[in-house]
Amino acid sequence: MINIQAQMKELFGNSCNAYCYAYLAHPSSSIKQLTNCVLKGWNEGNIDNDGFVSKPVQYYNSMSTTQIRDVVKVAIRRLDELPEGLWIVEYKVRPDFKESHFVVASRSAVVFDPAGDSNTVRYGAPVSYRKLIYKEAA
């Protein structure tokens, strides 16, 4: 018998990056609307069963009218290294940890944390951000 609750706990327990992409595409959305984006991304195969965003370009483009052509992981050590704007930022408690947590941040502060007030952000530091490479206008 399938344990649906365990599968959903795995999906949503690891969906911080997916929620961050949804937030960037729809910053004023409610929790329900953001969760619908995550579920749509999962149904379309852009998000794996474990919550990993395996197809970030397709996932973001399915939610936004502003299309991207690539996502690049860029190493940072502090938020003030970010370009202007809002970015998906990866935090780790220690740089060598495998486990990480994703938030949306500006150069000065975290503006969206899918975990509310996560311990990884509180006790850790940024290690990278996801640079969205936008398509040129036709």
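Described below are features of the structure shown in this document. (Residues numbered from 1 in each chain as written. Predicted model: local features only at pLDDT ≥ 70, side-chain atom pairs only at ≥ 80, totals over all residues. Heavy atoms only, no water.)

Further remarks concern the nonpolar core. Membership of the largest hydrophobic core comes to 26 residues, with the highest contact counts inside it found for Y21 and Y59. Listed by contribution, the elements that provide at least two residues to this core are helix 2 (16-25), helix 3 (31-43), helix 4 (56-63), strand 1 (68-75) and strand 3 (101-105). By residue number, the principal contributor to this core is helix 2, which donates 9 residues. The residues touching Y21, leaving out its near neighbours within four places in the chain, are V53, P56, Y59, Y60, M63, V71, I88, R130 and L132. I76, W87, V121 and Y129 belong to the second largest nonpolar core, which has 10 residues in total. (Core = buried A, V, L, I, M, F, W, Y, C linked by side-chain atoms within 4.5 Å. Buried < 20%, exposed > 50% of the residue type's maximum accessible area, 1.4 Å probe, protein only. Helix = DSSP H or I, 4+ residues; strand = E, 2+ residues; numbered from the N terminus. Contact = heavy atoms within 4.5 Å.)

Attention now goes to the sheet that holds strand 5 (residues 125-134). The 5 strands lie next to each other as 1-5-2-3-4, forming an open sheet whose pairing is antiparallel. Edge positions in the sheet fall to strand 1 and strand 4 (110-112), since each of these pairs with one other strand and no more. The mean inter-strand angle of the sheet, taken between neighbouring strand axes irrespective of direction, is 40°. Both strand 1 and strand 5 contribute to a ladder of 7 bridges, which runs antiparallel. In the sheet register, D70 faces strand 5, and the bridge partner there is I133. (Pairing = 2+ DSSP bridges. Axes fitted to C-alpha atoms, helices over the stretch in contact; angles between N-to-C directions.)

A few words now on the layout of surface pockets. For the largest pocket, the calculated volume is near 510 Å³. Partitioned by chemical class, the residues of the lining of the largest pocket number 7 nonpolar, 6 polar and 5 charged. (1 Å grid on protein atoms, 1.4 Å probe; cavity = no way out; pocket = protein on both sides within 12 Å on 5 of 7 lines; lining within 4 Å. Points joined across faces, edges and corners; volume = space filled by probe spheres on them. Nonpolar A, V, L, I, M, F, W, Y, C, P; charged D, E, K, R; others polar.)

This part takes up the environment of N17. As for its placement among the helices and strands, N17 is situated in helix 2. Dropping the residues within four chain positions of it, N17 is found in contact with V53, I88 and F102.

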